[in-house]
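Listed here are the chains, written in short residue letters.
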Amino acid sequence: MSAFNAIGDEREIDRDEYTPGIEPQPTWCPGCGDFGVLKALKQALPEAGKTPEEVLTVTGIGCSGKLNSYLDTYGFHTIHGRALPVARAAKLANPELEVIAAGGDGDGYGIGGNHFIHSARENHDMTYIVFNNEIFGLTKGQTSPTSPKGHKSKTQPSGSAKTPLRPLSMSLNAGASYVARTAAVNPNQAKEIIKEAIEHDGFAHIDFLTQCPTWNKDARQYVPYIDVQESEDYEFDTTDRAEAAEMMRETENVLNEGTVLTGRYYVDEDRPSYSQEKKAVGEMPDQPLAERYFDDDAEWERSYDLLERHT
Ligand SMILES: Cc1ncc(C[n+]2csc(CCOP(=O)(O)OP(=O)(O)O)c2C)c(N)n1
Ligand code: SF4
Ligand SMILES: [Mg+2]
């Protein structure tokens, strides 16, 4: 069965279907937060009614990028920082596909930061999970865009002089229509947030706090966490941009002081996705690329046809 004609298959889905038949031994270190993302995905996907054939997982490079080796969906392990453009192209070619893009904080907020900003701005319909361990894990612990100021590493032995990036605020300001933060130490919340992100139409960004016990000993700061939806100390409306912005700012301010706030921060169900916007201006073909590919009678528009349309 191809990725195309398997879509829409309604049946009972067992979470074990997401474990590869020949199971590769994860090379993640014992205690790594990346296991938490994998587990939450294996629970959320069947609960969202997605069969493995309906899902494409696109990853960047890093320890986090190994995710699709251990998750039995269609997979594309791209190059450093480039998961999002590949994920966007796949979603446009086959809009029925459930696309999950994933990568590290170095991958998504550093080298791929520009793709992150513009994918959020354009509201591409996908889930984007950033494994935020506040360092470059795979390459042995260098400082990343989210490393706290003063964080000591091999690249900054005297402590980082840089102010860390604010992923939630950046995402909101760029235009993401769903923004949340969860943590590997909080598997139930993580599963629920991933499920909501999958069900959301538009760019759903999850900043997923993942501890790296090997290279980032400060990762213990992720325990214990506070759920802003459950705590009585925080009250804000996730559909109100100004209130969400204020809550995000507070969350980012207190993170490196040891208080870890998590939860849903911003949800805009009304904003049209990129493909809906393109459809509205007549720039989305009625028959998606993937469908035409399997249709022997499909008529292919040539570049000079497009030229004619634009003159
Ligand atoms: C263009 C390019 N530059 C640098 C590297 C080396 N490199 C591989 S992984 C990585 C950083 C990974 O950090 P992060 O994205 O946070 O993922 P983690 O390993 O922490 O999950 C770097 C710099 C690369 N593979 N490609
Ligand atoms: S180096 Fe860190 S991020 Fe990478 S697998 Fe080990 S614990 Fe996880
Ligand atoms: Mg990292």
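The shown structure was predicted, so the numbers you read here are calculated from the model rather than taken from an experiment.

1. Quick word on the coordination of the magnesium ion (ligand 3)
Protein-derived ligands of the magnesium ion (ligand 3) are Asp-105 (OD), Asn-133 (OD1) and Ile-135 (O), with the metal-ligand distances lying across 2.1 to 2.2 Å. For the magnesium ion (ligand 3), the single-chain donor residues occur in sequence as D-x27-N-x1-I. Placement of the pair is Asp-105 in helix 3 (residues 105–111) and Ile-135 in strand 5 (residues 135–136), with a sequence separation of 30 residues. No difference in accessibility class separates Asp-105 from Ile-135, as the two residues are buried.

2. Remarks on a nonpolar patch on the surface
Taken together, Leu-289, Tyr-293, Phe-294 and Trp-300 make up a surface patch of nonpolar side chains, about 480 Å² in accessible area. Along the chain, Trp-300 falls in the loop between helix 9 (289–293) and helix 10 (303–309). Overall, the relative accessible area of 41% leaves Trp-300 in the partly exposed class.

3. Quick notes on the layout of surface pockets
In this structure, the largest pocket occupies an estimated 480 Å³ of space. As for the largest pocket, its lining consists of 20 residues, and the residues nearest its centre are Leu-92, Pro-95, Ser-275, Lys-279 and Met-284. Elements represented by at least two residues in the lining of the largest pocket include exactly helix 2 (83–93), helix 8 (274–280) and helix 9. No other element matches helix 2, which puts four residues into the lining of the largest pocket.

4. Some remarks on the side chain of His-205
Mapped onto the elements of the fold, His-205 is located in strand 8 (residues 203–209). One polar contact links His-205 to Tyr-109, side chain to side chain, over a distance of 2.9 Å. If we skip the residues at most four places from it in the chain, His-205 touches Tyr-109, Phe-116, Tyr-128, Val-130, Pro-167, Ser-171, Tyr-178, Val-179 and Ala-180.

5. Things to note about the UniProt feature "domain: Thiamine pyrophosphate enzyme TPP-binding" (unreviewed entry) in the protein
UniProt's feature table lists "domain: Thiamine pyrophosphate enzyme TPP-binding" (unreviewed entry) at residues 61–208, given in the numbering used throughout. For residues 61–208, the helix share is 33%, the strand share is 23%, and the end-to-end C-alpha distance is 16 Å.

6. Details of the nonpolar core
With 32 residues, the main nonpolar core has Phe-203 and Tyr-265 as its most contacted residues. Of all elements in the fold, only strand 1 (55–59), helix 2, strand 3 (98–104), helix 4 (113–122), strand 4 (126–132), helix 5 (167–174), helix 7 (241–255) and strand 10 (260–267) reach the threshold of two or more residues within this core. For Phe-203, the contacting residues outside a window of four places in its chain are Leu-84, Phe-116, Ser-119, Ala-120, Asn-123, His-124, Asp-125, Met-126, Tyr-128, Ala-176, Ser-177 and Tyr-178. Trp-28, Phe-131, Ala-184 and Ala-197 belong to the second largest nonpolar core, which has 31 residues in total.

7. So, the site of ligand 2
Around ligand 2, the structure places Trp-28, Cys-29, Cys-32, Cys-63, Asn-133, Gly-137, Cys-212, Pro-213, Thr-214 and Trp-215. For the shell around ligand 2, a count of residues per class yields seven nonpolar, three polar and no charged.

Analysis parameters
Residues numbered from 1 in each chain as written. Chains lettered and ligands numbered in written order. Predicted model: local features only at pLDDT ≥ 70, side-chain atom pairs only at ≥ 80, totals over all residues. Heavy atoms only, no water. Donors = N, O, S within 2.8 Å, 3.2 Å for Na, K, Ca; no water. Helix = DSSP H or I, 4+ residues; strand = E, 2+ residues; numbered from the N terminus. Buried < 20%, exposed > 50% of the residue type's maximum accessible area, 1.4 Å probe, protein only. Patch = residues over 30% accessible without salt bridge, like charges linked within 9 Å, V, L, I, M, F, W, Y side chains within 5 Å. Areas by Shrake-Rupley, 256 points an atom, 1.4 Å probe, with all protein chains shown as cover. Salt bridge = Lys/Arg side-chain N within 4 Å of Asp/Glu carboxyl O. 1 Å grid on protein atoms, 1.4 Å probe; cavity = no way out; pocket = protein on both sides within 12 Å on 5 of 7 lines; lining within 4 Å. Points joined across faces, edges and corners; volume = space filled by probe spheres on them. Polar contact = N/O pair within 3.5 Å; in protein donor to acceptor, adjacent residues only side chain to side chain. Contact = heavy atoms within 4.5 Å. UniProt positions renumbered as here; feature names shortened; annotations may be inferred. Core = buried A, V, L, I, M, F, W, Y, C linked by side-chain atoms within 4.5 Å. Near = heavy atom within 4 Å. Nonpolar A, V, L, I, M, F, W, Y, C, P; charged D, E, K, R; others polar.

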